[in-house]
Each structure stands twice: as structure tokens, then as C-alpha cells.
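Residues per chain are reported as follows:
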Amino acid sequence: MATEWSGLTPEVMMHLDRDASESLGFQLQNALRTAIRSGQVQLNERLPSSRRMASDLHVSRGLVQNAYEQLGAEGYLSASVGSGTRVAFDSPLFRSSDPATAVRDDLEFDFSPGRPDLNSFPMRDWLWACGEVSRTASARDAGYGDARGHPELRRVVASYFQRVRGGSTDADNVTICSGFTQGAGLVLAALRARGVTSVAVEDPGHPDVVDTVRRAGMQVVPVPVDSRGLVVEILNETTASVVIVTAAHQTPTGVVLAPERRHALLGWAKERDGIVIEDDYDSEFRYDRQPIGALQGLSDRHVVTIGSVSKSLAPALRLGWVIAPTALVSEIADEKWRTDRGSPAFDQLLLAKLMESGRFDRHLRRMRVLYAARRNALVEALQLGARIQPTGLAAGFHAVAALPPGADEEHIIKEARRRSVGLQGLGHYRVQSAGAAPGIVFGFGDLNEDAIRRGIFAISDLLC
Ligand SMILES: Cc1ncc(COP(=O)(O)O)c(C=O)c1O
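Because the structure is a prediction, the values reported are computed rather than measured.

1. Structural notes on the overall build of the protein chain
Move 1: A count of helices and strands for the protein chain gives 14 helices and 15 strands.
Move 2: Dimensions of the protein chain along its principal axes, counting C-alpha atoms only, are 80 × 55 × 40 Å.
Move 3: Burial statistics for the protein chain: of 464 residues in total, 52% are counted as buried.
Move 4: For the protein chain, the computed accessible surface area is about 22100 Å², with 51% contributed by carbon and sulfur atoms.
Move 5: Computed over 52 positive and 56 negative side-chain charges, the separation of the two mean positions in the protein chain equals 3 Å.

Encoded structure:
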């Protein structure tokens, strides 16, 4: 869609060389043609008024009017009263048809895990926070700040983490980042600089985690997960001194790390003088159980907890936090500074306002009810349609349906897709797949109850 410039005329980068032998009028026409052909300005986009462009380029208005008329005659521009001068040429260079990057929106029921209910984003609260921040932010907030993030959000996150996750930290140990993915990258870079070369990961686990470890130039050490979470006995047999875990709700199996495993894991970290990186991605949403505290609450020297609002609010906000032992904080902050000079300050202030005003908690309460209903709809539909009792339902918004031994995950996913149902298999999450039992991971965050029922019934014959 063409950009609309709501009353203000846009800036268009245009360079005129006063020492060149060509006239300024000729140069201007050429520059405009190039800008349109290259997609710098696109179909239907409005150009600056002739008065404005003339003033910006320090040329006469008549010269710009002539250029606009000439390009109009050539079919590049069109002019009409009240709508100004607009681009009339559709540059083939701008059209993007790369199938790899195109968003696939053609599935009627998409059970891909990881997506919260995007329609429930609390836009009114966000707008309220925008108003508050616009009124209260200082000029200083618009400058470069502390690499760890705005002190206000760090303070609010530290207090939230203690209140809701049972952790133990203060604002000095919090670094604001753009979500788990960046947070993990920062921590791994800091550990790599200290000489750590391998990192243990859950198998099955999130493929992005594996990718993040590899991108940090470190070796991936897969450690199996069973019905009580990461098998710490096997972790003990590796030489790794760093591990990444989804302790509160494992991705993808949904199991909660059992209490004895939690203690064993922290014992392992202490003994190795190692680090447990806790991916605390969806712990806000728990259903039948008492909330399980963050591992960090049991060891602030050996655990780094990374939180994110990608599930609790929306992935598009790109905000999260790293809560790290004091010994690692400055290296993580240095890495953050080198990477992007800190996360956007006004967005941080907005999030701080949401959290501190109680609006964030209210949103979470609302979402828990909504997700619990969707979870029940999924359980019922799977039981009724395919006689499957899904597992991993204690928290979050994904669950696993085990398939009969020998079932062909890939075939089921392909056939479901033909029926307009998007699925993801456990195979997608495996690091080493030998002898693994087949299963489907059902995300239910972004589908309403009716869609869940209809989606499951459309494929239930494939799951039996
Ligand atoms: C296991 C896990 N961790 C973390 C994240 C969130 O990553 P980010 O905060 O970078 O959006 C996701 C997102 O799907 C996830 O599934």
C-alpha cells in the first residue's frame, strides 16, 4: 500500500549538482525518474508540493513544476486537485514476491504453537500508557541511555519478577532486551568471551534456541527430556557447563521440571560453577497448578532468567529482560550496547506504566480465563474426535498429542495442510531424532473455541 503522509509533505532524497554541466531542471527530472523506477517512491505515493520541494532543493518553484509536468506526460506521475502529485508508475523493483519471506495466511485453522491471541492485545491500555509517557517523559529519555535499559522499567521488572515469579533480584541485575532470542544471544556472547564453547539444550527443544547457540559460535549438546523434564543425570555425563531450560513449561512437551530435577540441576550448576539459562517464556499462564517459581529464586549466582512479553502481550513489541548474576551483568550490558545501543526507551516506559498501573496483571487475568477455555475446547475435541488425551497442559498455550507408534508425522502434517489445518510435529523440535515417538504439538493461543473444535474435527481421522 502507498504511504499516506497525513497532510505533511514527505522528504524525498534528491541530489542536484550545481557544478555539473547538465541543467538543474534536467537533473531534477532524471533524479525523479530514478527514484520512481527504483521504488524509492512507490505507486500512489504523494510527492512533496512543488513549493516545498523547491524550497528544500533551493531551486525555483517553476523548475519543479516543469519537472512534475514532464514526468506526468511520461506517465510517471499524475496530478489532481486536492490530492497533489502522486506516483503513477508501479516499479517492478519494489514488488516482493519471495515465497520464503511471504506471510502464509491461507490456513483456515493454524495450530502452530507460539502465538498468543493477537486480537486480545490491550490496545486501549497501550494507548493510555502512550498518553502517560508522552506527558511525563523527559528530554533526557530521548537520548542514549544505560545499555541495561531504562531504570524505570528495570525497577518495575525487578519488582514484578519478585512478586510474580518468586525470584530475587534488584534493578541493577536486570537488562532490558528485545525478547528471549536477543537475551539468550547476549548471555551466550558474554559466556563465549569467557571461554565457554558448548551449551546443553533440551531435546526436543525449540529450534530457535539451537540456532541461537550455533550463531554464538558454540557447540550444541542435546540432553533428552522425559516426563519429568530435562534428564539431569544425562546432563551430568556431558562436559557442558551451561544449559538452557524451559523449566516452568517445557517447549515442546509441556512438562514441568520435577522438584527433584530442579534441585539436581542447581546442584549440577553449583558443582560445575556453571550457568543455567532459564527461558521463562510463558510462565504467566498456569491453570491447574500453583505457580512454580523461577529457578533463579533458588540460586541467583548460577541462574540467568530471561523473560519476554512475546506471549503475555505480543511478539511484535520485542521486549524482554535478562536477570543475571552480578558477575555477568556488565558483560551482558556491554554486549547489548555493541548490538543496538539499548532497547527503545519510550516503549520501555510504556511497558513500565502498564506493569506498574496493574493493567498488565489485569490483562493476564483476562487471558488466563480465555486460554483456559481454549485449552478445555482442545482437550474435549481431541478426546471426542480422536480419543487422544493431550499432555503438557499445566501452563502456556500449547499441548502435545502423542500419535500411535509408527505414525508418519510428516504425512499427517501434509494431509492436514491440504485440509487447511496447520500443524507442527514433535520432529520439528528434535535435535537427535533416533527412536523418537511421534506426536503433534497443538498451539491454541490464537484460535477461538469454535475454530479449535472445527479444526480438530477436520483432521481427527488422521490422528487415530
Ligand atoms: C520456547 C520459547 N522461548 C522463547 C520464545 C520467545 O522468543 P522472543 O521473546 O524472542 O519472541 C518463544 C517464542 O515462540 C518460545 O517458544
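2. Let's talk about helix H11 (residues 345-356)
Move 1: With 12 residues, H11 should reach 16 Å at 1.5 Å per residue; the first-to-last C-alpha distance of 16 Å fits that figure.
Move 2: Within the span of H11, buried status applies to Gln 348, Leu 349, Leu 350, Leu 351, Ala 352, Leu 354 and Met 355.
Move 3: Summarising the contacts, the buried residues of H11 are in contact with helix H4 (123-136), helix H5 (151-165), strand E4 (174-177), strand E11 (320-323) and helix H12 (359-386).
Move 4: Gly 358 sits one or two residues past H11 and shows a positive phi near 90°.

3. A short note on the domain arrangement of the protein chain
Move 1: For the protein chain, the assigned domains read domain 1 (1-96), domain 2 (109-118 + 362-463) and domain 3 (122-358).
Move 2: With centres defined by C-alpha atoms, the gap from domain 1 to domain 3 works out at 48 Å.

4. Considerations on the packing of helix H6 (residues 180-193) against helix H7 (residues 207-215)
Move 1: At their nearest, the axes of H6 and H7 sit 9 Å apart, and the two run at 35° to each other. Crossing of H6 against H7: the hand is right-handed. Of H7, the residues touching H6 (which contributes Phe 180, Thr 181, Ala 184, Gly 185 and Leu 188) are Val 209, Thr 212, Val 213 and Arg 215.
Move 2: Class assignment for the residues of the contact of H6 with H7 results in 5 nonpolar, 3 polar and 1 charged.

5. A few points about unusual backbone geometry
Where the residue is not glycine, phi is negative for most of them; where a peptide bond is considered, it is trans in most cases.
Move 1: With omega at 5°, the peptide bond leading from Asp 203 into Pro 204 counts as cis.
Move 2: Examined against the element boundaries, Pro 204 turns out to sit in the loop between strand E5 (198-203) and H7.
Move 3: Pro 252 follows Thr 251 through a cis peptide bond whose omega is 10°.
Move 4: With respect to the secondary-structure elements, Pro 252 resides in the loop between strand E8 (242-245) and helix H9 (259-272).
Move 5: Residue Arg 387 is not a glycine yet carries a positive backbone phi of 55°.
Move 6: In this fold, Arg 387 is placed in the loop between H12 and strand E12 (398-402).
Move 7: Looking at Arg 387, the relative accessible area reads 80%, which means it is exposed.
Move 8: For Ser 420, which is not glycine, the phi torsion reads 70° and is therefore positive.
Move 9: By the element assignment, Ser 420 lies in the loop between helix H13 (409-418) and strand E13 (421-422).
Move 10: Of the residues examined, Ser 420 reaches a relative accessible area of 17% and is grouped as buried.

6. Focus: the site of the ligand
Move 1: In the vicinity of the ligand, the contacting residues are Gly 179, Phe 180, Thr 181, His 206, Thr 251, Asp 279, Tyr 281, Ser 308, Ser 310, Lys 311 and Arg 318.
Move 2: Note that an oxygen atom of the ligand is positioned 2.6 Å from one of the side-chain N or O atoms of Ser 310.
Move 3: When atoms are counted within 2 Å of each cavity's grid points, the one that captures over half of the ligand is the largest pocket.
Move 4: Its residues assigned to classes, the shell around the ligand comprises 2 nonpolar, 6 polar and 3 charged.

7. As for the side chain of His 363
Move 1: Structurally, His 363 can be placed in helix H12.
Move 2: Here the side chain of His 363 touches Ser 312 through a polar contact of 3.0 Å, landing on its backbone oxygen.
Move 3: Those residues in contact with His 363 that sit more than four places away from it in its chain are Ser 120, Pro 122, Ser 312 and Leu 313.

8. Observations concerning the UniProt feature "domain: HTH gntR-type" (unreviewed entry) in the protein chain
Move 1: Taken from the UniProt record, the annotation "domain: HTH gntR-type" (unreviewed entry) applies to residues 22-90.
Move 2: In residues 22-90, the share of helix is 51% and the share of strand is 12%. The end C-alpha atoms are 28 Å apart.

9. Comments concerning the nonpolar core
Move 1: If you look at the biggest cluster of nonpolar residues, it comprises 61 residues, and the most contacted ones within it are Phe 111, Trp 321, Met 355, Leu 378, Leu 423, Phe 442 and Leu 463.
Move 2: The dominant element in this core, judged by the number of residues it contributes, is H12, at 10 residues.
Move 3: No fewer than three residues from each of domain 2 (109-118 + 362-463) and domain 3 (122-358) sit in this core.
Move 4: Setting aside residues up to four positions removed in sequence, Leu 423 forms contacts with Phe 111, Ile 412, Ile 413, Ala 416, Ile 440, Phe 442 and Ile 459.
Move 5: With 27 residues, the next largest nonpolar core counts Val 199, Ile 277, Val 304 and Val 329 among its residues.

10. So, the environment of Val 41
Move 1: Checked against the element boundaries, Val 41 lands in the loop between helix H1 (24-37) and helix H2 (50-57).
Move 2: Distance in space between the C-alpha atoms of Val 41 and Val 164 is 49 Å, their sequence separation being 123 residues.
Move 3: The contact partners of Val 41, leaving out residues within four places of it in the chain, are Val 12, Ala 35, Ile 36, Leu 47 and Val 87.

11. So, the pattern of salt bridges
Any two side chains of opposite charge can pair, given that their charged atoms come close.
Move 1: Inspection of the entire model under this criterion finds 28 salt bridges.
Move 2: One salt bridge connects Arg 359 with Asp 125, and the closest N-O pair in it is separated by 3.6 Å. Residue Arg 359 is located in helix H12, and its partner Asp 125 is located in helix H4; the two are separated by 234 residues in the primary sequence.
Move 3: Put simply, Asp 146, Arg 148, Arg 154 and Asp 172 are held in one network by salt bridges that share partners.

Cut-offs used in this document
- Residue numbers here run from 1 along each chain, matching the order of that chain's written sequence.
- Given that the model is predicted, a residue must reach a pLDDT of at least 70 before its local features are reported, and side-chain atom pairs must reach 80 or more before they are shown or counted; all residues, however, enter totals for whole chains, interfaces and linings.
- Only hydrogens and water are set aside; all other atoms, that is, all heavy atoms of the structure, feed into the side-chain values.
- Helix and strand definitions here come from DSSP, where helices need a minimum of 4 consecutive H or I residues and strands a minimum of 2 consecutive E residues; each element is numbered from the N-terminal end.
- Relative accessibility thresholds used throughout: buried, under 20% of the residue-type maximum; exposed, over 50%; partly exposed, between the two (1.4 Å probe, protein chains only).
- Per-residue and other accessible areas were derived by the Shrake-Rupley procedure at a 1.4 Å probe size, with only the shown protein chains allowed to occlude residues.
- Neither His nor the chain ends contribute to the count of charged residues, in which Lys and Arg are positive and Asp and Glu negative.
- In plain terms, the charge of a residue is placed at NZ if it is Lys, CZ if Arg, CG if Asp and CD if Glu.
- Each residue after the first adds 1.5 Å to the expected span of a helix.
- Any two residues whose heavy atoms approach within 4.5 Å at even a single point are treated as in contact.
- Note that domain bounds follow an automatic or database assignment of domains.
- Here an axis means a line fitted to C-alpha atoms, over the contact stretch when the element is a helix, while the angle between two N-to-C directions is reported on a 0 to 180 degree scale.
- It is the rotation of the near helix from the far one that decides the hand of a crossing: anticlockwise by less than a right angle makes it left-handed, clockwise makes it right-handed.
- Any residue outside Ala, Val, Leu, Ile, Met, Phe, Trp, Tyr, Cys, Pro, Asp, Glu, Lys and Arg is labelled polar, Gly included; the first ten of those are nonpolar and the last four are charged.
- We define proximity as follows: a residue is near a molecule or strand when any one of its heavy atoms falls within 4 Å of that partner.
- Identification of polar contacts relies on pairs of N or O atoms within 3.5 Å, with a donor-acceptor requirement for protein atoms, meaning one able to donate a hydrogen and the other able to accept it, and with residues adjacent in sequence counted only if both atoms are side-chain atoms.
- Here a cavity denotes a set of grid points, spaced 1 Å apart and computed over the protein atoms alone, in which a 1.4 Å probe fits but from which it cannot get out, and a pocket denotes an open set meeting protein on both sides within 12 Å along at least five of seven lines; residues with an atom within 4 Å of a point are reported as lining.
- In this description, a molecule resides in a pocket or cavity if more than half of its atoms sit within 2 Å of the grid points defining it.
- UniProt positions are given in the numbering used here, feature names are shortened, and annotations may be inferred rather than shown by experiment.
- We define the nonpolar core as a collection of buried residues of types Ala, Val, Leu, Ile, Met, Phe, Trp, Tyr and Cys that are connected through side-chain atoms lying within 4.5 Å of one another.
- We define a salt bridge as a side-chain nitrogen of Lys or Arg found within 4 Å of a carboxyl oxygen belonging to Asp or Glu.

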